[in-house]
Each structure stands twice: as structure tokens, then as C-alpha cells.
Protein chains: 2
Amino acid sequence: MTRRTRRTSGRVTLDDVARRVGVSKITISRALREPWRVSEGLRQRIHAVIDELGYIPNRQAGALASARSRSIALLVPSLSNAVFSEVIRGVDEGFAGSGYQVLLGHTSYSREEEAHLIDTYLSFGVDGFIISGSQHTDSARQRLSRCGLPICEIMELPESPLDMAVGLDHEAAGHALTGALLELGYRRLGFIGARMDYRARRRLEGWQRALTEAGLSTAACLTTESPSDYRLGGQLLGELLEQYPALEMVCCVNDDLAAGALFECQRRGIRVPDQLGLTGYNGLDITEATTPTLSTVITPRRRIGVAAASRMLSRLEGDQGTEVLQDLGFEIALRESTRPAGG
Amino acid sequence: MTRRTRRTSGRVTLDDVARRVGVSKITISRALREPWRVSEGLRQRIHAVIDELGYIPNRQAGALASARSRSIALLVPSLSNAVFSEVIRGVDEGFAGSGYQVLLGHTSYSREEEAHLIDTYLSFGVDGFIISGSQHTDSARQRLSRCGLPICEIMELPESPLDMAVGLDHEAAGHALTGALLELGYRRLGFIGARMDYRARRRLEGWQRALTEAGLSTAACLTTESPSDYRLGGQLLGELLEQYPALEMVCCVNDDLAAGALFECQRRGIRVPDQLGLTGYNGLDITEATTPTLSTVITPRRRIGVAAASRMLSRLEGDQGTEVLQDLGFEIALRESTRPAGG
DNA sequence: CTGAAAGCGCTAACAG
DNA sequence: CTGTTAGCGCTTTCAG
């Protein structure tokens, strides 16, 4: 009794190429993956046939057979936040030419969504994870630590890293920025924040610590869990100034809010920095473009991506590596939106 | 003679679950994919065991066996351009709950990179492509049309679409915006553009056609192939004004350039719109945030994504559909950066 | 340097 | 409602 043969995708397979060349399929496979193990002439014939037939390897079959997919998952909170587009670029750069494919996922700042994406990418058989942040659901932590894959947490420096981590100390950055502002002579400082995720909260904590150490008030602080955008920056600034009209400086938890706050100042005719100072955080392009330019903390977003990729690659190639946390630091950039030193 | 058994990934498989429950693995598979075909009680036991064992299906194996990966590729030029983050969001929304996974790729505005990504995603076995734009390399066009997968080109309305398309007419949009400016009384118009891809060129053509129809000069036009950013907007504006100091309006090919141009005006003390009008294109958040707000053309980016996803889904579910091109239009938004009507 | 056989983990097809 | 068999397209292992 003849069963009907299973309908196939109709695509060209390794076997098609092999038959055409007149060798066995393993030889084609080797010509692709270990070319030095196949004789020169044969290799050329094989490549000619591959081009002729338009053969495209089936990675799923390859991954299934070899238990390695040559892909890694990169999980970021948001694709619309320019901060992460530079991280992504860095990761891409870091993997360029390695043969690994980066699969991008965005969690919309939700741990549950993150947990779900982790399962999804595990079922895709990724060989490793690069994940923004250190705040995961319990079940995600379990899944990640049990799967045995290399993991790199990025952006911050976790207290208990799952595996590797590359980032910077946001509390220290918030503290350093605030310290620099105090040195410029500012005394009445406010803070506005949106989307107060872990890193944002750490910046705020740094701001609070610096002020407390200087014996100054941390009361003028207004935060919300809403997503950050320009208009919200203006709105929060307005609300803060209503309560604290005498502020001489408003620190914004990120550059978007700072730019929005600046636009609002322009709308209200508040001169920056003469009447009010403003700072952002991250060092996005816009901070160098506005009039006045915005003082900010420059975070090494692209370098974080590159470093994460390169550490991931070493691990995938067998290195165990020693250091767990990698601190890439930050840079305080004082520009036109804060009064000049000695001013 | 016993061959050594192949080392496996160590992960829990369908078989592990099946043995534990005491049924055959196909039943587990069905409980997951066609739950209604498995008896209530058994289904519950199965799910309990799945949770207990932490089973995660292997999609590669599933895809290999079924010749469907339940994933689709979304190719955009850039992840740092806010235009595309909204398209992506739309596509995600459109596929939410469908069981399809969106695999995101970015081409860096390079056709060669696009062609390469197409091969990559074909080797991942995606079930369809959503691709920005209609400008592909010959080999990419061939690959796409031969693979037999549903394809949706987005953002523009291609002259010879590969399959489906969802977008808008950028030439018409450029023409309409310019027409509206002429109605406001502007007569000496300039244009600045960066990253002059197909869509940008179409906008410029619309601008030129409108001016030509009105018998006005299109000479004050300055474009570059460099990537677009805020600072470039300022720089191009400066160069254009040097050559054409009497301009009363500068149309920018996108919102980034327009915002940058506005910041440059503020730097130079040029009052907008009193001394110079400014327009952008796309309707990004920043256009509503700056002081003054920026006149622009609002493009339905998110809706394009949603529509592309939903048409892709219909095709994946067997509908053939009739219409090829889907025009989602645009909206002219005249705001504070252009003089008021009758002004 | 090349090949044969086995099997990765799953699902389609055909029973029962 | 549940099971058996075959095989997706590739790579591993072992032989020559």
C-alpha cells in the first residue's frame, strides 16, 4: 500500500543540490559550513549549482539537527525610545560578520510581556539572551537560569545578575549630575520623571542623595508612571512650577522630558538658563540640537550593545570569562541649559 | 553494534510529557494545538504536567514538520527613525493574539542589506513578508516573487507591486501641502531634504509640481543623501538661506529636519512664522511639542502597520483578497510654524 | 576528502 | 477521542 508522499514546501533542498552535482548531501552541507574540507573544484561546482537553483538553507532543519540556531534574542523595553535604538545598533555591530542573527523583541516595559517573549524565543531555540534590565518575573528568572544559555543583562548593574551584565550605575550618575549642579551654585532644585522604571528610580535616588548630603530639600519632585514624551515634559514642568515657583533648576529623568520642558519654557517665556536651569539624561541627539542645548548625562548606549554582543560571542564560542559585571560609566555634559560655571 | 545515542539539548520534549502523562506524544501535541479534540480531563492532566516539567515547544521542529513557522518578517529601513517605530507598533497590534510572531529586520536604507535580510528570513522559514518600500534589488524581487509567500509592501504605493501594498501617495501629499502653503499666500518657497529615498523624492516632486503649476521657482532646493537628523536640519537651513535670503517658507522633507531648522532659527533669532515659515512631514510627536508647533503632513503610520498585518493574516488564512493597492491617505496639519490663514 | 545511516522534535496522514 | 507510522531538511557520528 502506498501512502501518499507528504507535501513538501516545494523549496530547493540540500538533496536537490546534491543530486544535481552528483554527490551526497552531506558534502554540500560541508561545502557550506566547512569549505576547507571539500576539494576546491567540487566546491566551485557546488556553489555554481547553489546559485543556479537558488538554494536557501533551511535554518530550522539545521538548528534541529545541530541543537544550535545561531541566533540570539535581544529584549528591549521599547523601540520608540531612541535610547534603545542605539543599544540595538551596538548589538548589531557587535554581531556583524559572526554568523549570528539577532532576534529583536520589545517588552513594552512589562515584565509579563518580557516573560512571554522569553518563552517565545526559547521555543525559537535561540542560543543566548541579551536583556535590558534586571527586573524580571520570578518565572522568567527561573526559565532563564535553568535553560543553561548565556545571558547578558544590560543597561544597569544588577544586584544579583543572572549571568553576565553590562551597564552603568544610574544612581551614581544621578548623584554626580546633581553634584555638578550644586557646584554651579544651584540650591533650589526640582525633579520631574515619567515611566519610573528601575533605572529612572535609581537616578532619582542619586538626585535625592546628593541634595540630602548638601542639606537641601528634595520635596520638589513630581513623577508619574505614564510613558515619557515631549508634551508630558511640558505638563509636568508646569505642575511643578505651580507648586514650587521659586525653583532655579529642574532635573528631568530623561532627555525627552527635558526637551518638552524646554519647549514649555519657551511657550511661557521663561528664559533658560537665566530664569530656570534644565537637565536631561542620556545624551540623545536632540540635547545638542535645541536652543539652548541641554545639559545631560551621556550614557554609553551603543558601547553597551557592542560589549554585550562581544561577551555573548565569547561565551558562545566556549570562553567562560571571569568578570560578571561590566561598568561602562557615564559622562556629565554641562551645556547651555545650565548656568555657566562661576555664573 | 550500538551506536552511541546522539546528545540532545537536554530540554524537555513532547515525548517526556507524553511518557509522564501516559499517552502518546501526538495527543500532547493536539492538546496544545487543537484542544477541543482532546477530552477535558486528559487536557487538564496534560497541562499540569507541562507546567510541572516546564515544557516549551520547539518551534523549529514544529515548523519543519508542518512547513509553517507561524512567523512573518517585517523589514524596515531604520529603527532609530520614529516613523517606523509606529509602523512596527501597528504591525504588532495587527498580529496580536494571532499566534504569529513578527521577526523584525532593519535594512539601514540599503537594498543590498534588504536582499540579504530576505534570504536570512527565508532561511528562517517565515510565512510572509511585510517590507517597507517598493525599491528592491533585482535578485530580491526574484526571490520574493518566486518564494510563493504573501508579501505586503508598505509606506508607498508601488507602480508594480510584488503582491499586496498599503501606503499613501507621497507625491500627492507633497503637492497638497505646498498647495495649502500657496493658499496661505507664500510665494518664495525653499526645500531641504536629507536621506532622499524614494518616498522623499516623491515628496519633493510634489512640491516642485505645485510650484511649477503656480508659475513659481523651484530653485531654492537643497538636498543630501546623508542620514537625517536635527543638526543637519539646522545646517541645511543655514546653507539655503545663504543662497536665498529672501525665502519666506522652507519645506523640510521630514519632521526631524524641520525641528532642527526651527532650533536653528531660534539660534539665529529668526522669528517663526513671522519672518520664516517652516513645515515638516510625518506628524511625529515633536511637531506638536515645539514652540511654535510645526505644520506638517500627518501620515497614517500606525494604521499602515495594522492594515498590512490584517491583510497578511487574511492571506495566511487562505483568503485571496481582491484589491492590491490600499491607499490610506494623509492629512495636512497647519499649525503655528506657518502664518495663519488670511495672514 | 567523501559517504551511509541515524535521528533532532515535531506534525500530517491515516487508522481505529 | 487516541494512536501508529513516516518523514520535514538538516547535521552528527562513524566508516571508508
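Residues numbered from 1 in each chain as written. Chains lettered and ligands numbered in written order. Predicted model: local features only at pLDDT ≥ 70, side-chain atom pairs only at ≥ 80, totals over all residues. Heavy atoms only, no water.

Looking up chain A in an unreviewed UniProt entry gives the name LacI family transcriptional regulator, with the organism given as Kushneria sinocarnis.

(A) Up close: the interface of chain B and chain A. Contacts between the two partners involve 49 residues from chain B and, on the opposite side, 49 residues from chain A. Of all residues in chain B, the largest losses of buried area upon contact with chain A belong to Ile 56, Gln 60 and Phe 124 of chain B, amounting jointly to 15% of the total for that side. The interface formed by chain B and chain A contains two salt bridges. At the boundary of chain B and chain A, one finds 20 residue pairs in polar contact (both at pLDDT 80 or more). Among the elements of the structure, helix 4 (59–66), helix 5 (82–95), strand 2 (101–106), helix 6 (111–123), helix 10 (230–243), helix 11 (255–268) and helix 12 (286–289) of chain B are those that each provide at least two residues to the side of chain B that touches chain A. At seven residues, the largest contribution of residues to the side of chain B that touches chain A is made by helix 4 of chain B. Looking at the side of chain B that touches chain A residue by residue, the classes come out as 18 nonpolar, 18 polar and 13 charged. (Contact = heavy atoms within 4.5 Å. Buried area = accessible area lost by both parts, 1.4 Å probe. Salt bridge = Lys/Arg side-chain N within 4 Å of Asp/Glu carboxyl O. Polar contact = N/O pair within 3.5 Å; in protein donor to acceptor, adjacent residues only side chain to side chain. Helix = DSSP H or I, 4+ residues; strand = E, 2+ residues; numbered from the N terminus. Nonpolar A, V, L, I, M, F, W, Y, C, P; charged D, E, K, R; others polar.)

(B) How the structure looks around the relation of the copies chain B and chain A. The transform that puts chain B on chain A rotates by 180 degrees and translates by 0.0 Å along the axis, for an RMSD of 0.1 Å. Expressed as an axis order, the relation between the two copies is that of a two-fold axis. Closest approach to the rotation axis within chain B is made by the C-alpha atom of Gln 60 of chain B, at a distance of 2.4 Å. Taken together, the interface assignments show that 98% of the residues at the interface of chain B recur at the interface of chain A, consistent with an identical surface on both copies. (Least-squares fit on C-alpha atoms with pLDDT ≥ 70 in both.)

(C) Spotlight on the sheet that holds strand 3 (residues 129–132) of chain A. All names here are of chain A. A sheet is described by the order of its strands in space; here six strands give the open sequence 2-1-3-4-5-11, paired in parallel fashion. Since the sheet does not close on itself, it has two edges, and those belong to strand 2 (101–106) and strand 11 (325–327), each with one partner. On average, each strand axis in the sheet is tilted by 15 degrees relative to the strand beside it, whichever way the strands run. Note that strand 5 (residues 164–167) and strand 11 share three bridges and pair parallel. Its bridge partner being in strand 11, Ala 165 is matched across the sheet by Leu 325. (Pairing = 2+ DSSP bridges. Axes fitted to C-alpha atoms, helices over the stretch in contact; angles between N-to-C directions.)

(D) Representation of the UniProt feature "domain: HTH lacI-type" (unreviewed entry) in chain A within the structure. This chain's UniProt record puts "domain: HTH lacI-type" (unreviewed entry) on residues 12–66 of chain A. Between the C-alpha atoms that bound residues 12–66 of chain A there is a distance of 20 Å. The span itself is 71% helix and 0% strand. (UniProt positions renumbered as here; feature names shortened; annotations may be inferred.)

(E) Focus on the pattern of salt bridges. Tallied over the full model, the rule gives 36 salt bridges over all chains. Here Asp 274 of chain A makes a salt bridge to Arg 271 of chain A, at a shortest N to O gap of 3.4 Å. By relative accessible area, Asp 274 of chain A is classed as exposed at 58%. Note that Arg 315 of chain B and Asp 163 of chain B form a salt bridge whose closest N and O atoms lie 3.0 Å from each other. Of the two residues, Arg 315 of chain B sits in helix 13 (residues 301–316) while Asp 163 of chain B sits in the loop between strand 4 (151–155) and strand 5 (164–167), which places them 152 residues apart along the sequence. (Buried < 20%, exposed > 50% of the residue type's maximum accessible area, 1.4 Å probe, protein only.)

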